[in-house]
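So the chains spell out like this:
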Amino acid sequence: MNVFGKMRAAHLALGRAGEADAVRLLREHGLEILARDWRCRYGELDIVARDGDCLVFVEVKTRRRVDRYRPSDNLSPRQLRRNVRAAREYLSEYGAPGCRCRFDLVEVVRAGRRLLELRRHIDFVDADLIHGAF
């Protein structure tokens, strides 16, 4: 494996560890995990969960360390649009029309196997975007 393959493998392992941390955090807060890494033509939803009667689409951003930038700084407007479109697709397949929805963000900071920081941002996107035009 070349150096780029090793970097890619390390990046994917970091992302999987961050998603596992996020799942544990969400379960601790009483959310039911419905899907992980759900894919459609628009992209991927990291985690889909239920919080009472609300469907929650969770984006997970993981970094090795935080110097000047937070993990959430890597969430671009383009990715947000893809997530909203993917959420609409998920709703058309599995959700009830007009059901309550929200987007949460989980930021994870790790140093190797050590979890340094885990932060949850609830409702970080206007849910009207899911049902409206975007």
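Across its full length, the chain holds three helices and five strands. Ordered by position from the N terminus, the helices and strands of the chain form the series α-β-β-β-α-β-β-α. For the chain, buried positions account for 40% of its 134 residues. If you take every contact in the chain between residues at least 6 apart in sequence, the share linking residues at least 24 apart comes to 58%.

Bringing the environment of S76 into the picture now. Structurally, S76 is set in the loop between β3 (54-63) and α2 (77-94). When its relative accessible area of 30% is taken as the criterion, S76 is described as partly exposed. From its side chain, S76 meets the backbone nitrogen of Q79 in a polar contact 3.0 Å long.

What tends to happen in soluble globular proteins is that the nonpolar side chains get buried as a cluster. Judged by nonpolar contacts, the single largest core of 16 residues is most densely connected at L45, V48, L55, F57 and Y90. Of all the secondary structure elements, the ones that give two or more residues to this core are β1 (32-40), β2 (43-51), β3, α2 and β4 (101-111). Among the elements that take part in this core, α2 stands out by supplying six residues, more than any other. If near-sequence neighbours (up to four positions away) are discounted, L45 is found in contact with R36, D37, W38, F57, N83, A86, A87 and Y90.

Right, let's get into the side chain of E89. One can find E89 in helix α2. What makes E89 buried here is its relative accessible area of 18%. Excluding anything up to four places from it in sequence, E89 contacts W38, C40, R41 and Y42.

With that settled, consider a positive patch on the surface. On the surface, a cluster of positive charge is made up of R78, R81, R82 and R85. By relative accessible area, R82 is classed as partly exposed at 33%.

Our next topic: the pairing of β1. Taken together, the seven bridges between β1 and β2 define a ladder with antiparallel strand orientation. Along β2, the bridge assignment pairs W38 with L45. Counted between consecutive antiparallel strands, the loop separating β1 from β2 contains two residues.

Within the fold, D104 resides in strand β4. Given the relative accessible area of 0%, D104 is considered buried. A distance of 2.8 Å separates polar atoms of two side chains, one belonging to D104 and the other to R102. Of note is the side chain of D104, whose polar atom sits 2.9 Å from the backbone nitrogen of D123. Here D104 is in contact with V56, F57, V58, E59, R120, H121, I122, D123 and F124, once residues within four sequence places are set aside.

This part is about the pattern of salt bridges. Under the counting rule described, the total for this entry stands at 13 salt bridges. Of the charged contacts in the structure, one is a salt bridge between R24 and D21, with a shortest N-O distance of 2.3 Å. Pair noted here: R24 and D21 are both in helix α1 (residues 3-28), with a separation of three residues, about one helical turn. E117 serves as the salt-bridge partner of R119, at 2.8 Å between the closest nitrogen and oxygen. Exposure remark for R119: the relative accessible area of 36% places this residue in the partly exposed category.

About the criteria used
Residues numbered from 1 in each chain as written. Predicted model: local features only at pLDDT ≥ 70, side-chain atom pairs only at ≥ 80, totals over all residues. Heavy atoms only, no water. Helix = DSSP H or I, 4+ residues; strand = E, 2+ residues; numbered from the N terminus. Buried < 20%, exposed > 50% of the residue type's maximum accessible area, 1.4 Å probe, protein only. Contact = heavy atoms within 4.5 Å. Polar contact = N/O pair within 3.5 Å; in protein donor to acceptor, adjacent residues only side chain to side chain. Core = buried A, V, L, I, M, F, W, Y, C linked by side-chain atoms within 4.5 Å. Patch = residues over 30% accessible without salt bridge, like charges linked within 9 Å, V, L, I, M, F, W, Y side chains within 5 Å. Areas by Shrake-Rupley, 256 points an atom, 1.4 Å probe, with all protein chains shown as cover. Salt bridge = Lys/Arg side-chain N within 4 Å of Asp/Glu carboxyl O. Lys, Arg positive; Asp, Glu negative; His and termini not counted. Charge placed at Lys NZ, Arg CZ, Asp CG, Glu CD. Pairing = 2+ DSSP bridges.

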